[in-house]
Protein chains: 4
Amino acid sequence: PSLITDSVVQQAIPSRATHGHKGSFGHVLVVGGSPPYIGAPFFAAQAAMRSGAGLVTLAMPDVIYPQLAAQSPTTIFLPLPTENGYLSIEAVKMLIEKLQTYDVLVVGPGLGRWPDGGHWLIQLLKQADMPVVVDADGLSLLKPHVHELAERDHPLILTPHQGEMARLLGTSVREVESDRLGVATRYAREHGVYVVLKGHRTVLATPEGKIWINPLGHDALAKGGSGDILSGMIASFVAQGAAPEQAAIAAVYIHALSGERCAVEKSRYSVLPTDILEALGQAISSVIERA
Amino acid sequence: PSLITDSVVQQAIPSRATHGHKGSFGHVLVVGGSPPYIGAPFFAAQAAMRSGAGLVTLAMPDVIYPQLAAQSPTTIFLPLPTENGYLSIEAVKMLIEKLQTYDVLVVGPGLGRWPDGGHWLIQLLKQADMPVVVDADGLSLLKPHVHELAERDHPLILTPHQGEMARLLGTSVREVESDRLGVATRYAREHGVYVVLKGHRTVLATPEGKIWINPLGHDALAKGGSGDILSGMIASFVAQGAAPEQAAIAAVYIHALSGERCAVEKSRYSVLPTDILEALGQAISSVIERA
Amino acid sequence: PSLITDSVVQQAIPSRATHGHKGSFGHVLVVGGSPPYIGAPFFAAQAAMRSGAGLVTLAMPDVIYPQLAAQSPTTIFLPLPTENGYLSIEAVKMLIEKLQTYDVLVVGPGLGRWPDGGHWLIQLLKQADMPVVVDADGLSLLKPHVHELAERDHPLILTPHQGEMARLLGTSVREVESDRLGVATRYAREHGVYVVLKGHRTVLATPEGKIWINPLGHDALAKGGSGDILSGMIASFVAQGAAPEQAAIAAVYIHALSGERCAVEKSRYSVLPTDILEALGQAISSVIERA
Amino acid sequence: PSLITDSVVQQAIPSRATHGHKGSFGHVLVVGGSPPYIGAPFFAAQAAMRSGAGLVTLAMPDVIYPQLAAQSPTTIFLPLPTENGYLSIEAVKMLIEKLQTYDVLVVGPGLGRWPDGGHWLIQLLKQADMPVVVDADGLSLLKPHVHELAERDHPLILTPHQGEMARLLGTSVREVESDRLGVATRYAREHGVYVVLKGHRTVLATPEGKIWINPLGHDALAKGGSGDILSGMIASFVAQGAAPEQAAIAAVYIHALSGERCAVEKSRYSVLPTDILEALGQAISSVIERA
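Note that the structure is predicted; figures quoted are calculated from it, not measured.

**Describing the pattern of salt bridges**
Then, number 1: Within the structure shown, the criterion is met by 52 salt bridges over all chains.
Then, number 2: Across the salt bridge formed by K93 of chain B and E90 of chain B, the nearest N and O atoms sit 3.4 Å from each other. Placement of the pair is K93 of chain B and E90 of chain B together in helix 4 (residues 89-98), with a separation of three residues, close to one helical turn.
Then, number 3: Judged by relative accessible area, which is 46%, K93 of chain B ranks as partly exposed.
Then, number 4: Ionic pairing is found between R268 of chain D and D219 of chain D, a salt bridge with its closest N-O pair at 2.4 Å. Of this pair, R268 of chain D sits in helix 11 (residues 244-270) while D219 of chain D sits in the loop between strand 12 (211-213) and helix 10 (226-239), and the two are 49 residues apart along the sequence.
Then, number 5: Overall, D219 of chain D belongs to the buried group, its relative accessible area being 0%.
Then, number 6: Each of the salt bridges in this network shares a partner with another, and the network as a whole consists of R50 and E278 of chain A together with K266 and D275 of chain D.

Here it is in structure tokens:
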């Protein structure tokens, strides 16, 4: 396994054309949210913006559109139809019709789980001819259907924490934690996906068997919402032209660095996802300037 | 009585494992709010996050869910059913079914008072097998039923200001203020609860008769919303593993320190609860660093 | 006429007891707002908090309650019943029943004008046995009824800008501007009210004929919302125990000082009411420290 | 073509009377927004405030009024009637009745496009006897009707990016980019309008054939929402008395300078429209002080 360092990230982060316009830096679509989880897709979308994407659209169940639209002026909104409070199959159709507008898809943050949710998700993923980041509840919904994605020929990036990894494998958290490198690597190879196994020393495993370890990050990141930021960042770097491996390398490192920097003043107790978002730019600057 | 000092707080504040994840730092449930009091449960929930809890769920009457969800991306939401505008007995059932998800319960901030509210609250408290912080309107609702809680074998932490203490005792504020130590100590012993009697020189009395006095704090904290922050902080430290006594010690001291620090620049007139929340992290840092 | 200076304000601003609690610093009621004017009562209420009031309740037409409650966690809310979109006479009854809860009333910011509005307002003012600040649309509604208030024996503080002053007098803005001192003084004496005639060199005239001139302030304050802050500040100082004259002296000076201070960095073009609110505390500190 | 410089902007930016009141600095009306695009008119309106306008009214489809009113206390709101989700012809009538209240109109940010939208817009523009800035979707709606505006005798300022310019001309982006100066100049002359062709080296062309080039700005501005800020700034300077050419000169330069300044700390990846808004005042100060 290789260690992610400043100089690795300096190479991995997509370079930006000074004369670029908003169309030059990609359009990220975040699909997530549910009545209990308003903040999750908001954090993913904001993180995509803060990491450099030119445009970000936030698609959510229509029932929470008013709450999100009241607090997030920087994103475009796409309310999706619901049935009994859950995203309906109409929502998949609506998304698929519009998918060509977007460069990358993040699905899962705060999405919730519902009986037909796995079917719902798989319909979307099968037709999404673009890199996709699956996070949070998206991973739980994906679990029984992961074999159906073998035919996809665009990158799939999974970002489980140890509990979600255990669920994907049908095993225990203890099992996962006892062999983080091995678990991530085997899953990535077997399913042909990128695995970002979050936690202390986040592991990135590629479908080809490459393994990266993130030396940064501590318990300032151990708070609800932190992971949503990471998925938005990965998508953002992909939207700007990075390959999935490079995007994930840059995202996990800068995300952790931002959390560490926030904790210097605010203590490791007190860092919120909103702080990390605000500090992303300075974290990026600090890495670039050390070049 | 013992004085709370920097070194006492350094011992009292729960330590954090660097490699911890959000599940390691506990899940606080805040139950509160009503149409006039939107901010109170918001402040308690934010304070719990800012003090280090890994997850915070905010449960509120469904009629105010839209307003809270539009301004608080960092918490999970649990809208509760209402009847004639008040929390219904269905809400208790819903909460009880989910209680095992949470490590600590805060009930009361902004909850309002209604005819059946005492009964409502007592049903919840009887089945909450976890430490509970009762604050604000929760205290008024609790008053006629406090004897029914004798059988509870988990800690109960009450955080009255002098007016609420007087109501609990059926006496006058003057009586309370004339013997703050005695009043708090007797009530704590008699009912087997922790009493945090807020005000100038906040007093903490334990069921065993231990007494602590907070030397910090001044009128910068004398503003609606300030107390809600304190109840959220106590719950947060308990969720992170502190015993109730230690959690309350750390919370009252850091809360007051944060208010004092804010007043240096903004004057004692102008400090808002939102300022205190923002400054909690720096207050924690300053105490820890003086170690 | 006397000039307001640092040392005058140091005497005029209400002193604060270090051991005071939120009940010690008064409860301000702001009545205002309408669908086009959401921010006006919000600014008045926030200003009252930022100037030291212990509690602030914001009463508004029920149709805009959701919007205000979604952005203002620091105030208590009192939605008022409406009829055809305007505050109904039921709203007066509801307010009058609750008036004993409050120490000072601000009425007018963003209230709008409607056919029966003058009658509505006068019913409220006649029964409000407390100091009242009438601002903005409240002044226009008051105009035809001002003689009906002769019997009130609690202070009435009017805060017109030159346009509102002209409307109160049935004259032109030019007339007002050509004799600001004379106009304010005569109106104050004749109607037994305090007049704060806003504008360049704000004038304060008391019922007894005392005149004060504010030397501070410039075009950084020339923006919608600025005046709403002033009315909230005056009410806040009264709620903390200042006499109306002293409250108005302190408010106009600190308000202007805050605007001037904001403009140093942000330029006079760019200062928003939200900036002035944030800077009130530092402006208070700077005046007090110069003592 | 002339280069915009500090000293040009120092002359172009409208001077402010120290004793001015909110009525002295003009009233901007922003018409925009649609369910997917909440932020666009918000940014334009905030930019108008941050650039010095005394009052700003934000008119939007009534269906998004709640979301905007919940996050923007600094503007006045004018909800407009909709039909099948789009602005109805009633909305034009309502606007026209009120137009005399405003000094400048911005139309287009986030407005969306609908079958009858071009007709809708043209009815408004024909009767708007005031300078008008048309931006974003407004430009697309305008395209088939631009010849109908020949009779207008008040300035029309168009602010297309390269894609919108191509649409206006019925040509390709490549064509536009290959001759930015020529394209802007010809369109401005031919239609008697001001053209602000945004992008790397923004071009301003006047109806008389004067051409200005903005040397500032880079990819920190390449994010959704950035352009909305520019249209609000131009309108704001016009409302304060600047001629359209001078307003556009000052706006494009200060807008770009603000973006550049934000990027110094936050990196070019991470600058959001909200950052640019916050920094406008400091950018104005820095230009003025260099005089």
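**Comments concerning the interface of chain D and chain A**
Then, number 1: Opposite the 30 residues of chain D that make contact, chain A presents 40 residues.
Then, number 2: Linking chain D to chain A there are two salt bridges.
Then, number 3: In this structure, R16 of chain A and D219 of chain D form a salt bridge, with 2.5 Å as the shortest nitrogen-oxygen distance.
Then, number 4: Those elements giving two or more residues to the side of chain D that touches chain A turn out to be helix 2 (39-50), helix 11 and helix 12 (273-289) of chain D.
Then, number 5: The leading source of residues in the side of chain D that touches chain A is helix 11 of chain D, at seven residues.
Then, number 6: Split into classes, the residues belonging to the side of chain D that touches chain A amount to 13 nonpolar, 11 polar and six charged.

**As for the interface of chain B and chain C**
Bring the parts together and some accessible area is lost; that lost area is often taken as the interface size.
Then, number 1: If you look at the interface, chain B gives 30 residues, while chain C gives 40 residues.
Then, number 2: Together, the buried faces of chain B and chain C total about 2700 Å²; carbon and sulfur atoms form 56% of this surface.
Then, number 3: Summed over the shared surface of chain B and chain C, the result is two salt bridges.
Then, number 4: Measuring nitrogen to oxygen at the nearest pair gives 2.7 Å for the salt bridge that ties D275 of chain B to R50 of chain C.

**Quick look at the packing of helix 2 (residues 39-50) of chain A against helix 10 (residues 226-239) of chain A**
Residues and elements named next belong to chain A.
Then, number 1: Look at helix 2 against helix 10: their axes get within 7 Å of each other, and the N-to-C directions meet at 35°. In this structure, helix 2 meets helix 10 at a crossing whose hand is right-handed. On helix 10, the residues touching A40, F43, A44, A47 and A48 of helix 2 are D228, I229, S231, G232, M233 and S236.
Then, number 2: Within the contact of helix 2 with helix 10, the residues separate by chemical class into seven nonpolar, three polar and one charged.

**Structural notes on helix 9 (residues 180-191) of chain C**
All names here are of chain C.
Then, number 1: When the terminal C-alpha atoms of helix 9 are compared, their 17 Å separation across 12 residues agrees well with the 16 Å that a helix rising 1.5 Å per residue should span.
Then, number 2: The complete set of buried residues in helix 9 reads R180, G182, V183, A184, T185, Y187 and A188.
Then, number 3: Positioned one or two residues after helix 9, G192 has a phi angle of 65°, which is positive.

**A word on the relation of the copies chain D and chain A**
Then, number 1: With an axial shift of 0.0 Å and an RMSD of 0.0 Å, the rotation relating chain D to chain A amounts to 90°. Between the two chains, the operation in question is that of a four-fold axis. Considering only C-alpha atoms, the residue of chain D closest to the rotation axis is A70 of chain D, which sits at 4.2 Å.
Then, number 2: Of the interface residues in chain D, just 7% have counterparts in chain A that sit at the interface too, so the contact is made through distinct surfaces.

**A short note on the packing of aromatic side chains**
Then, number 1: One pass over the full model with this rule turns up 16 aromatic pairs over all chains.
Then, number 2: Judged by centre distance (5.7 Å) and plane angle (55°), the rings of F42 of chain B and F43 of chain B are tilted.
Then, number 3: Measuring from centroid to centroid gives 5.6 Å for Y86 of chain D and W114 of chain D, while their planes differ by 10°, and the two rings are stacked. Of the two residues, Y86 of chain D sits in strand 6 (residues 86-87) while W114 of chain D sits in the loop between strand 7 (104-107) and helix 5 (117-127), which places them 28 residues apart along the sequence.
Then, number 4: Judged by relative accessible area, which is 37%, Y86 of chain D ranks as partly exposed.
Then, number 5: Connected via pairs of aromatic rings, a cluster forms that spans Y86, W114 and W120 of chain A.
Then, number 6: One Lys or Arg, R16 of chain B, reaches over the ring of F25 of chain B and ends 3.8 Å from the middle of that ring.

Conventions used here
- Residues numbered from 1 in each chain as written.
- Chains lettered and ligands numbered in written order.
- Predicted model: local features only at pLDDT ≥ 70, side-chain atom pairs only at ≥ 80, totals over all residues.
- Heavy atoms only, no water.
- Salt bridge = Lys/Arg side-chain N within 4 Å of Asp/Glu carboxyl O.
- Helix = DSSP H or I, 4+ residues; strand = E, 2+ residues; numbered from the N terminus.
- Buried < 20%, exposed > 50% of the residue type's maximum accessible area, 1.4 Å probe, protein only.
- Contact = heavy atoms within 4.5 Å.
- Nonpolar A, V, L, I, M, F, W, Y, C, P; charged D, E, K, R; others polar.
- Buried area = accessible area lost by both parts, 1.4 Å probe.
- Axes fitted to C-alpha atoms, helices over the stretch in contact; angles between N-to-C directions.
- Left-handed = near helix turned anticlockwise from the far one by under 90°.
- Expected span 1.5 Å × (residues − 1).
- Least-squares fit on C-alpha atoms with pLDDT ≥ 70 in both.
- Phe/Tyr/Trp six-rings, centres within 6.5 Å; stacked < 30°, edge-to-face > 60°.
- Lys NZ or Arg CZ within 6 Å of the ring centre and 35° of its normal.

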